Amino acid sequence: MEKEFTLPSPGHSLTPSVSEAQASNETKPVSIKKTKRKEIMLAYACLAPSLLIFGLFLFYPLLKSVYLSLFLTDPQGRVAEFVGMDNFREILTSEMFYKSFGNTLLFILLTVPTGIAAAVLLAALTHNKLKGMKVFRFIFSLPMAVSVGTGSMIWMILYHPTLGVLNYFLSLVGTQPIQWLTDPKWAMISIALMTVWMNLGFNYILMLSGMQGVSEDIYDSTKIDGSGPFRTFFRITMPLISPTLFFTSVVSVIGAFQAFGQINILTKGGPINSTNVMVFNIYQDAFVNFRFGIGSAQALILFAIILLLTVFQFKFVEKKVHYQ
């Protein structure tokens, strides 16, 4: 059947009138505003749990530290007297502060470059898709699953002067046993060795992910050009994984500044304060000597040092990063 169509009357227009167009244009901004308002409210509702947790465990302690840094506290930890900036002056004129700061820099120097270099080496050896590589990847990633407390107890047994495996191997080659944790010359090296092993899993996974992200076409092109494996690694692979290297270095430096658990378990800052880093010194002042004002002031100084160093890394070191 044929459909019937009716023509509009002579006075009727197919296009909407001016008043109708203006009304529709006025309602559109209102509906858009309502939609945006709903989206913003939904976003804040989704962020509310995270903001609450951050507020309780991050922002409030930070503000509390700023408050306590201006006061002296009694042996029970209660605020006793307002001293202003005297806590900061006492810290910056204290020999122990500079001793702990020097120990922290030494700890960073021993752990960060070594840990990244070891992770890059292991990732370079295992990133190829060869048979059995998954087993080695699993083994090299295992330290990531070990907690600081568990890892410290394992290495405490290894470092035992008479029953430890390390001294047993040294005795096999005719070397005198080393007092790993009680000799000031070896204590920091022992802590650094354990820390490198503990962070190896995380660094290895990052490096392996970065290398696997490099396209195989690039490696095929280098083979056609006659580039050897070492030249390819240092001229192609390393520049292409430089964003991963930069991220790992920033995270590793921050983590090294905050190291505490292994030092508290293995050496407790000794011997002769040779492993007394900044965080352990803060712990001693705040939770052993109950000088919460001094401890809070040191925590703020540490925060400022980490912040400035991170800004320096992003300002200058990131310029050498090659983003694809």
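Only a predicted model underlies this, so the values are computations on that prediction, with no experimental measurement involved.

How each quantity is defined
- Residues numbered from 1 in each chain as written.
- Predicted model: local features only at pLDDT ≥ 70, side-chain atom pairs only at ≥ 80, totals over all residues.
- Heavy atoms only, no water.
- Buried < 20%, exposed > 50% of the residue type's maximum accessible area, 1.4 Å probe, protein only.
- Helix = DSSP H or I, 4+ residues; strand = E, 2+ residues; numbered from the N terminus.
- Contact = heavy atoms within 4.5 Å.
- UniProt positions renumbered as here; feature names shortened; annotations may be inferred.
- Domains from an automatic or database assignment.
- Buried area = accessible area lost by both parts, 1.4 Å probe.
- Salt bridge = Lys/Arg side-chain N within 4 Å of Asp/Glu carboxyl O.
- Nonpolar A, V, L, I, M, F, W, Y, C, P; charged D, E, K, R; others polar.
- Axes fitted to C-alpha atoms, helices over the stretch in contact; angles between N-to-C directions.
- Parallel < 35°, antiparallel > 145°, perpendicular 65-115°, else oblique.
- Left-handed = near helix turned anticlockwise from the far one by under 90°.
- Phe/Tyr/Trp six-rings, centres within 6.5 Å; stacked < 30°, edge-to-face > 60°.
- Core = buried A, V, L, I, M, F, W, Y, C linked by side-chain atoms within 4.5 Å.

### Some points on helix H12 (residues 278-288)
Turning to H12, its buried residues are Met278, Val279, Phe280, Asn281, Ile282, Asp285 and Ala286. Residues of H12 that are buried in the fold lie against helix H3 (95-126), helix H10 (242-257), helix H11 (261-266) and helix H13 (292-315). Backbone geometry just after H12 places Phe290 at a positive phi near 55°.

### Section: the UniProt feature "domain: ABC transmembrane type-1" (unreviewed entry) in the protein
In the numbering adopted here, UniProt assigns the feature "domain: ABC transmembrane type-1" (unreviewed entry) to residues 97-313. Helix makes up 75% of residues 97-313 and strand makes up 0%, while its end C-alpha atoms are separated by 24 Å.

### Thoughts on the domain arrangement of the protein
Split into domains, the protein comes out as domain 1 (35-83) and domain 2 (89-320). Listed per partner, the contact involves 10 residues of domain 1 and seven residues of domain 2. With both sides pooled, the region where domain 1 packs onto domain 2 buries about 680 Å², and carbon together with sulfur makes up 68% of that total. In this structure, the connection of domain 1 to domain 2 is made through zero salt bridges. Among the secondary structure elements, those contributing two or more residues to the side of domain 1 that touches domain 2 are helix H1 (18-68) and strand S1 (71-73). Broken down by element, the side of domain 1 that touches domain 2 gets its largest block of residues, four residues, from H1. Here the side of domain 1 that touches domain 2 is built from residues that sort into five nonpolar, four polar and one charged.

### Let's talk about the UniProt feature "transmembrane region" (unreviewed entry) in the protein
Taken from the UniProt record, the annotation "transmembrane region" (unreviewed entry) applies to residues 41-63, 105-126, 138-158, 186-206, 240-260 and 290-312. Taken end to end, residues 105-126 has its terminal C-alpha atoms 32 Å apart, with 100% of it in helix and 0% in strand. The distance from the first to the last C-alpha atom of residues 240-260 is 34 Å, and the span holds 81% helix and 0% strand.

### Topic: the packing of H3 against helix H4 (residues 133-141)
Viewed as axis vectors pointing N to C, H3 and H4 meet at an angle of 165°, and their least axial separation amounts to 10 Å. On the basis of their axis angle, the class for H3 and H4 is roughly antiparallel. Classified by chirality, the crossing of H4 by H3 is left-handed. Together, Leu122, Leu125 and Thr126 of H3 and Met133, Phe136, Arg137 and Phe140 of H4 make up the contact between the two elements. Counted by class, the contact of H3 with H4 contains five nonpolar, one polar and one charged residues.

### A closer look at the packing of aromatic side chains
Counted by the stated rule, this structure contains 20 aromatic pairs. Both rings, one in Phe97 and one in Tyr98, keep their centres 5.2 Å apart while their planes meet at 75°; by these two values the pair is edge-to-face. Taking relative accessible area as the criterion, Tyr98 reaches 46% and is therefore assigned partly exposed. Ring geometry for Trp155 versus Tyr159: centroids 5.5 Å apart, planes at 45°, classification tilted. For Tyr159, a relative accessible area of 2% gives the class buried.

### Structural notes on the packing of helix H7 (residues 184-212) against H10
At a closest axis distance of 9 Å, the pairing of H7 and H10 adopts a crossing angle of 165°. Taken together, the axis directions place H7 and H10 in an arrangement best described as roughly antiparallel. In the packing of H7 onto H10, the handedness of the crossing is right-handed. Contacts between H7 and H10 involve Phe202, Asn203, Leu206, Met207 and Gly210 from the former and Thr244, Leu245, Phe247, Thr248, Val251 and Ser252 from the latter. Here the contact of H7 with H10 is built from residues that sort into six nonpolar, five polar and no charged.

### Side note on the nonpolar core
Formed by 48 residues in total, the largest nonpolar core has its most connected members in Val120 and Leu302. Apart from residues no more than four positions distant in its own chain, Val120 is found in contact with Met207, Met211, Phe233, Met238 and Leu245.

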